Structure formats: structure tokens, C-alpha cells
Amino acid sequence: MSALAHRRFLKMNGAGNAIVVLDLRGTDIRVAAEEVRAIAAHPTSAFDQLMVIHDARTPGTDAALRIYNTDGSEAGACGNGTRCVAYAMLDDPAMARPAESGRLTLETRGGLVSVKRMAERSFTVDMGRPRLKWDEIPLAEPFQDTRRIELQVGPIDAPVLHSPAVVNMGNPHAIFFVDRDPETYDLARIGPMLENHPLFPDRANISLARVTGPDAITLRVWERGAGLTLACGTAACATMVAASRLRMIGRGATVTLPGGDLVIEWRADDHVLMTGPVALEWDGTFEPGLFAGAA
């Protein structure tokens with residue numbers, strides 16, 4: 001029987017981004033890719049990202065996070081999921097610890113992330129510094145200027161999309177700035193093709209962004225390993241940084257995604273802050289039969 005059988009989880013969302021939070025502190029359990037896919041496939045626990053809380057490994061941190069996509073692969077960061085984890089660690093009766101305050105420092109594959117409560121269901125996440133060099137993103141070949149790179153979709157003389165900006169915000173992102181509503185593009189078709197393009201050795205999140213004002217962006221995202229999502233925090237951060245580098249906006253914007261708004265600020269110290277809501281949908285436990293087909 002899977003060690004996850006009968007384990008409690010929270011089903012949450014951050015600006016519409018479907019999140020499952022699983023607390024494995026105090027255990028040595030590690031989640032296998034097959035178990036991740038089984039959890040994602042069940043209607044009661046379907047997610048865009050699975051956030052697994054482990055005991056802290058680094059002095060001064062409150063916990064270590066492992067972040068999984070629906071295909072079982074790991075992500076380096078998830079801003080919307082991190083806000084949900086903060087809510088769970090501060091407010092959930094079974095997951096909260098009495099000594100915890102309104103601030104947390106969490107260790108992720110992409111680095112240390114700090115979270116601060118702003119209101120009962122609103123948190124600000126310090127997503128750290130954007131990585132902007134071609135080999136940090138990473139790309140398969142050198143580009144000295146990552147504000148726009150050579151990549152296009154469609155005929156060479158009339159491309160549908162072209163010249164994306166690339167940014168790493170814990171995950172690699174390619175952002176195409178468009179001049180019409182991102183919903184009018186077939187991102188469900190374009191997304192997987194570009195996610196797996198040879199230019200992106202670690203694959204990439206693919207975003208379509210339209211700047212609608214001096215501090216406003218409309219965004220739609222195909223997430224690496226997850227597909228179309230209602231929201232993606234790291235994509236919102238990457239897009240704001242990319243738009244600022246191209247002088248389309250200043251150093252802050254409200255990014256509107258299908259699931260809601262995220263407020264992004266690129267501070268003078270180079271850190272990117274993301275503020276947004278969380279919502280608790282339900283809690284449950286994993287039935288043993290869920291993992292019958294998992295190794």
C-alpha cells in the first residue's frame with residue numbers, strides 16, 4: 001500500500017491556479033512520479049501543482065517544498081502554490097504550528113522564498129531575482145539579448161507569433177507580446193509545441209501577453225508539465241519583468257489572468273514580489289485505491 005494512503009490534503013486555489021497541499025513533515029515519505037499522476041487524475045484531488053511540505057533542511061527556514069506538475073515532473077517554483085502553503089502552515093488546524101507568525105521562509109528547488117501575510121486570505125511572496133542570461137534560463141544556444149530572441153510560429157513572412165522574451169523565475173518562461181486578446185490564439189495547440197522546442201533543454205512555460213496600460217497586462221499561460229491553467233504566478237512575474245525590460249511598463253503591474261489578478265512589483269533591489277489571494281476549497285484524504293496502479 002502507498003504510504004500516501006489515508007494522508008490528508010487540502011484542495012486550494014491561488015487566483016484560480018488549482019493547488020493541492022500535502023504535509024509530510026515528520027515523515028521520510030517521498031512522493032513518486034506515479035503517485036503524483038494518480039493524484040492529478042482523480043477529480044477530488046486534481047491540480048495544476050502539488051505542493052509537498054517537508055521538514056526544513058536549511059537553518060533559518062520553516063519548511064522545504066517539493067513542487068510537482070501533473071505529469072509527475074518537478075517545478076522549481078510556484079508563486080500561487082506558495083501562497084496556499086503559507087495559508088496552510090499558518091491557519092490550517094492540522095498543519096499550523098503554534099510558534100509560526102505571519103512570515104515564512106521556504107526552501108524550494110529554485111531557491112529560498114519568503115512569504116508575508118497581507119490580509120486573511122492574501123499573501124505576498126518574494127520570488128527572488130529574475131535570471132536573464134541565456135544560460136541561466138536555460139537556452140540551447142547563446143543569445144546576448146534575451147529581451148527578444150529568434151523564435152517564431154507560422155510562415156516566415158507572416159508569423160503568428162515571434163520574438164519572445166525569455167526569463168527564468170525559478171522556471172523557464174518564454175513570453176510572446178501580442179497586440180490582440182490572448183484568448184484569440186490557439187494556445188492549446190501552440191503551447192505544447194513550444195514547451196518542447198529544442199531551444200529549451202528544460203522545456204519552458206509559454207505565455208501570451210498583451211500590455212493594456214502603463215501598469216496593466218493581460219496574460220494567458222501554457223504551463224510546462226501542466227498545460228493550460230487559469231493562473232501562473234511565476235509567469236506573471238516573468239512577464240512583468242520582460243515588459244519592464246522592453247520599456248512597455250514601469251516596474252510594477254497588475255497582471256490579469258483567467259483566474260484573477262496578481263500584483264507584481266520588481267523592486268530596486270532586483271527582487272520580484274507577487275501579491276495575490278488564496279482560497280480553500282475542501283480537505284480530504286487519499287483513498288488507498290487511488291494508488292493501485294502506481295509503482
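We now turn to the structure provided with this report. Predicted model only: the values in this text are computed from it and were never measured.

1. Section: the state of the cysteines
Using the criterion set out here, one finds zero disulfides in the structure. C78 forms no disulfide, and the closest cysteine sulfur to it belongs to C232, at a distance of 6.8 Å. Judged by its relative accessible area of 6%, C78 falls in the buried class. Free of any disulfide, C84 has its nearest neighbouring cysteine sulfur in C78, separated by 7.8 Å. Residue C84 is classed as buried on the basis of its relative accessible area of 0%.

2. Some details on the pairing of strand β8 (residues 122-126)
The buried fraction of β8 amounts to five of the five residues, a majority that puts the element mostly inside the structure. Along β8, one buried face is formed by S122, T124 and D126 and the opposite face, lined by F123 and V125, is buried too. Remark: two residues form the turn of the hairpin made by strand β7 (residues 111-119) and β8, two consecutive strands paired antiparallel. Both β8 and strand β18 (residues 272-277) contribute to a ladder of five bridges, which runs antiparallel.

3. A word on the environment of W134
Its place among the elements puts W134 in the loop between β8 and β9 (152-153). Through-space distance from the C-alpha of W134 to that of I149 is 9.8 Å; in sequence the pair is 15 residues apart. Each residue touching W134, except ones within four places of it in the same chain, is listed here: L139, A140, E141, P142, F143 and T146.

4. Quick word on the side chain of N171
Counting through the fold element by element, N171 comes out in the loop between β11 (165-168) and β12 (172-177). With relative accessibility at 4%, the residue N171 sits in the buried group. In this structure the side chain of N171 is engaged in a polar contact, spanning 2.7 Å, whose partner is the backbone oxygen of A77. Residues within four places of N171 in sequence aside, it is in contact with A75, G76, A77, N205, R224 and T234.

5. Here's the deal with the pattern of salt bridges
In total, this model carries 14 salt bridges according to the counting rule given. Residue D71 is joined to R203 by a salt bridge in which the shortest nitrogen-to-oxygen separation is 3.4 Å. In this pair, D71 sits in the loop between β4 (63-69) and β5 (74-75) while R203 sits in the loop between α3 (187-195) and β13 (205-213), placing the two residues 132 residues apart along the sequence. When its relative accessible area of 29% is taken as the criterion, D71 is described as partly exposed. You can call R203 partly exposed: its relative accessible area is 23%. Two residues, R117 and D91, come together in a salt bridge whose shortest N-O distance is 2.5 Å.

Cut-offs applied
Residues numbered from 1 in each chain as written. Predicted model: local features only at pLDDT ≥ 70, side-chain atom pairs only at ≥ 80, totals over all residues. Heavy atoms only, no water. Disulfide = S-S within 2.5 Å. Buried < 20%, exposed > 50% of the residue type's maximum accessible area, 1.4 Å probe, protein only. Helix = DSSP H or I, 4+ residues; strand = E, 2+ residues; numbered from the N terminus. Pairing = 2+ DSSP bridges. Contact = heavy atoms within 4.5 Å. Polar contact = N/O pair within 3.5 Å; in protein donor to acceptor, adjacent residues only side chain to side chain. Salt bridge = Lys/Arg side-chain N within 4 Å of Asp/Glu carboxyl O.

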